[in-house]
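Here's the letter readout for the chains.
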Amino acid sequence: MAQWTSAVGAAQLARLLNSQQDRPAGPGTRRPPAYRALADGIRLLVLEGRVPVGARLPAERELALALSVSRTTVAAAYEALRTEGFLESRRGAGSWTAVPAGNPLPARGLEPLPPEALGSMIDLGCAALPAPEPWLTRAVQGALEELPPYAHTHGDYPAGLPALRSMIAERYTARGIPTMPEQIMVTTGAMGAIDAICHLFAGRGERIAVESPSYANILQLMREAGARLVPVAMAEGLTGWDLDRWRQVLRDSAPRLAYVVADFHNPTGALADDDQRRQLVEAARSAGTVLVTDETMSELWLDADVEMPRPVCAYDAAGSTVVTVGSASKAFWAGMRIGWVRAAPDVIRSLVAARAYADLGTPVVEQLAVNWLFSTGGWEQAVDVRRTQARDNREALVAAVRRELPDWEFEVPKGGLTLWVRTGGLSGSRLAEVGERVGVRVPSGPRFGVDGAFEGYVRLPFTVGGAVAEEAAVRLAAAARLVESGGAGGGEAPRTFVA
């Protein structure tokens, strides 16, 4: 049986390879043989995640025609990639991309850095800000005032508190998406929501299509659930999804689920436009794929000129294709572990029934606190505070990185909490390892990919500002110099929690 889960056409691969020619070569660089340049180009596309691991490559003759080179050149390049472990082949099944077995990938993470350690270590592992006070305190106080009637019950609400379900439904309706409380289930954070969705729709061994890169913790959750992840490369820069690739993967792999972050994507910060959302919903519906869309960043637009597209579920009039996940964790506070699912009533009923064998329900006091925020206008004021914090931090971090690490490349997103940075050819895993030695925690690119992609990237969140952001960039620059000089040491990359 073939080991590939997607395919790359000859014209598409040629276009990706030709795009690399815009990158300047270093001084004194000698031109390699044609087969070596081709092999290096494909290897770089795999490591950057622009060609997924497990993607079937075109036949030698097809690629030779697309690149206007000899078939011998392509055959030699493929053989070099097989020798290096970046390509596997089987007679009758073709050749597909791989990552060498000698490059183990970090899969798990350490616990979040304890608050008492923050004095000596700058933690860029978690894309989460401190609580926006005084709104957290006011919300908890409001929740305690509303608690007595609930304290006289058993306290188990598998679907969520009726008042909060109604409030969330009203908020969707206000956004132009008519929603009933029966379409809402309150969960323990977005992670709890997606875990429940995966268990309902995608049993062990089922395919799940994911953006490449994607949110690290969700990828690990899906791996541990036994899913077969099918990566779909993002479009270049902040332009969102590559719809041709999505249509191809949905058609060829027929995944049971697809998971996307349309609003200020984690980690790239990309914002999918209305047309992309409509097309992806149509493609998922045609393929019979359930499209799970993560809206946890949707309210974190940071620039005044941002025009937010309609929610992805707005393009699913029948309600049979899109399942939406929301959360208070990013827009308000990570310690407020309240999330929710919006889906068709029959899906919600199935999710609720399954909670009897999982977590039974979500804590009542936290639900009351979020309901207080929604019902009093406190949520909008708190999120406005959050936007100001993130905007100021973004400006400070961008300026510091550009000053200390001018060779690093990135585009500044208009919202969200993360900066996706190409590290000038340095190993993101080695930077993460050495960074801890010089006092800065940073997650490496491979944590956001499938099977070893994005080695040349790190993710930097907008969680520190001012002098701390400047010091973080100084420490990252020190780590980069150590990596360049060969002082990074060996072994597996450090295991750092990512949020």
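See the structure above.
Residues numbered from 1 in each chain as written. Predicted model: local features only at pLDDT ≥ 70, side-chain atom pairs only at ≥ 80, totals over all residues. Heavy atoms only, no water.

This next bit is on empty space enclosed by the protein. Taken as a whole and assessed by the stated rule, the structure comprises one cavity of 30 Å³ or more. When its volume is computed, the largest cavity comes out at roughly 90 Å³. In terms of lining, the largest cavity is formed by 14 residues, of which the most central are Ala 7, Val 8, Gln 12, Pro 52 and Arg 245. Going through the elements one at a time, β1 (6-7), α1 (10-19), β8 (228-233) and α10 (243-253) are the ones with two or more residues in the lining of the largest cavity. Among the residues forming the lining of the largest cavity, the class breakdown is nine nonpolar, three polar and two charged. (1 Å grid on protein atoms, 1.4 Å probe; cavity = no way out; pocket = protein on both sides within 12 Å on 5 of 7 lines; lining within 4 Å. Points joined across faces, edges and corners; volume = space filled by probe spheres on them. Helix = DSSP H or I, 4+ residues; strand = E, 2+ residues; numbered from the N terminus. Nonpolar A, V, L, I, M, F, W, Y, C, P; charged D, E, K, R; others polar.)

On to the nonpolar core, then. One finds Trp 241, Trp 246, Leu 291 and Phe 332 to be the most contacted residues of the largest nonpolar core, which totals 54 residues. No other element matches helix α13 (residues 364-376), which puts six residues into this core. Excluding anything up to four places from it in sequence, Phe 332 contacts Pro 132, Trp 135, Leu 136, Leu 373, Trp 379, Ala 382 and Arg 386. In terms of nonpolar packing, the next biggest core, distinct from the first, is built from 37 residues, Ala 127, Leu 397, Ala 400 and Leu 419 among them. (Core = buried A, V, L, I, M, F, W, Y, C linked by side-chain atoms within 4.5 Å. Buried < 20%, exposed > 50% of the residue type's maximum accessible area, 1.4 Å probe, protein only. Contact = heavy atoms within 4.5 Å.)

Our focus in this paragraph is the packing of helix α15 (residues 428-438) against helix α16 (residues 466-484). The contact between α15 and α16 brings their axes to 9 Å, and the two run at 120 degrees. The pairing of α15 with α16 is recorded here as oblique in orientation. Seen along the crossing, α15 lies across α16 with a hand that is right-handed. Each of Arg 430, Leu 431, Val 434, Gly 435 and Val 438 in α15 lies in contact with α16, whose residues at this interface are Arg 475, Ala 479, Ala 480, Leu 482 and Val 483. For the contact of α15 with α16, the class distribution of residues is seven nonpolar, one polar and two charged. (Axes fitted to C-alpha atoms, helices over the stretch in contact; angles between N-to-C directions. Parallel < 35°, antiparallel > 145°, perpendicular 65-115°, else oblique. Left-handed = near helix turned anticlockwise from the far one by under 90°.)

Its location among the elements puts Ser 329 in the loop between β11 (322-327) and β12 (339-342). You can call Ser 329 buried: its relative accessible area is 9%. Within the structure, Ser 329 has its side chain in polar contact with the side chain of Arg 337 (distance 2.9 Å). Once residues lying within four places of it in the same chain are set aside, the contact partners of Ser 329 are Ala 334, Met 336, Arg 337 and Ile 338. (Polar contact = N/O pair within 3.5 Å; in protein donor to acceptor, adjacent residues only side chain to side chain.)

Residues spaced three or four apart along an α-helix face the same direction, because each turn holds 3.6 residues. Compared with the 27 Å implied by 1.5 Å per residue over 19 residues, the 27 Å span of α16 between its first and last C-alpha is a close match. Within the sequence span of α16, burial applies to Ala 469, Ala 472, Ala 473, Arg 475, Leu 476, Ala 477, Ala 479, Ala 480 and Val 483. Just downstream of α16, Gly 486 is the residue with a positive phi angle, here 85 degrees. (Expected span 1.5 Å × (residues − 1).)

So, on to the packing of helix α8 (residues 189-201) against helix α12 (residues 345-354). α12 packs onto α8 with a crossing angle of 100 degrees between their chain directions and a minimal axis gap of 10 Å. In terms of orientation, α8 lies roughly perpendicular with respect to α12. Residue-level contacts link Ala 196, Ile 197, Leu 200 and Phe 201 of α8 to Val 347, Ser 350 and Leu 351 of α12. Residues belonging to the contact of α8 with α12 are distributed by class as follows: six nonpolar, one polar and no charged.

Turning next to the pairing of strand β7 (residues 207-212). In terms of burial, β7 is a largely internal element, five of the six residues being buried. Pairing of β7 with β8 involves six bridges; the strand directions are parallel. Each residue of the ladder has a partner; that of Ile 208, found in β8, is Leu 229. As a crossover connection, the stretch from β7 through helix α9 (residues 216-224) into β8 is right-handed. Relative to strand β9 (residues 257-260), β7 is paired through three bridges, and the arrangement is parallel. Across the sheet, residue Ala 209 finds its bridge partner in β9, namely Ala 258. (Pairing = 2+ DSSP bridges. Right-handed = clockwise from strand over helix to strand, strands pointing away.)

With that settled, consider the pattern of salt bridges. Following the criterion strictly, the structure yields 23 salt bridges and no others. Ionic pairing is found between Asp 40 and Arg 36, a salt bridge with its closest N-O pair at 2.8 Å. Of this pair, Asp 40 and Arg 36 both sit in helix α2 (residues 34-47), separated by four residues, roughly a single helical turn. Residue Glu 295 is joined to Arg 175 by a salt bridge in which the shortest nitrogen-to-oxygen separation is 3.3 Å. (Salt bridge = Lys/Arg side-chain N within 4 Å of Asp/Glu carboxyl O.)

Here we come to the environment of Glu 79. Within the secondary structure layout, Glu 79 lies in helix α4 (residues 71-84). Separated by 44 residues in the primary sequence, Glu 79 and Tyr 35 have C-alpha atoms spaced 9.6 Å apart.

All told, the structure shown has eight aromatic pairs when counted by the stated rule. When the centroid spacing of 5.6 Å and the interplanar angle of 75 degrees are considered together, the rings of Trp 420 and Phe 448 count as edge-to-face. In this pair, Trp 420 is assigned in strand β13 (residues 418-422) and Phe 448 in the loop between β14 (440-441) and β15 (457-461), connecting sequence segments 28 residues apart. The burial state of Trp 420 is the same as that of Phe 448; both residues are buried. (Phe/Tyr/Trp six-rings, centres within 6.5 Å; stacked < 30°, edge-to-face > 60°.)

Here the amide bond leading from Ser 212 into Pro 213 is cis, since omega sits at 10 degrees, within 30 degrees of zero. Checked against the element boundaries, Pro 213 lands in the loop between β7 and α9. Cis geometry marks the peptide bond from Asn 266 to Pro 267, where omega comes out at 25 degrees. When you line up the elements, Pro 267 lands in the loop between β9 and α11 (274-287). Positive phi is not limited to glycine here, since Ala 254 has a value of about 45 degrees. Following the sequence through the fold, Ala 254 ends up in the loop between α10 and β9. In the Ramachandran plot, Phe 264 falls in the positive-phi region, its phi being about 55 degrees despite a non-glycine side chain. A relative accessible area of 1% means that Phe 264 is categorised as buried.

A sheet is described by the order of its strands in space; here seven strands give the open sequence β6-β12-β11-β10-β9-β7-β8, paired in mixed fashion. Strand pairing shows two members of the sheet lacking a second neighbour, β6 (184-187) and β8, which therefore form its edges. Neighbouring strand axes in the sheet, compared pairwise and without regard to direction, differ in orientation by 20 degrees on average. Examined bridge by bridge, strand β10 (residues 290-294) and β11 share four bridges and lie parallel to one another. By the bridge assignment, Thr 293 is partnered in β11 with Thr 324. Relative to the sheet, helix α7 (residues 162-174) contacts β6, β11 and β12, its axis offset from that of β6 by approximately 120 degrees.

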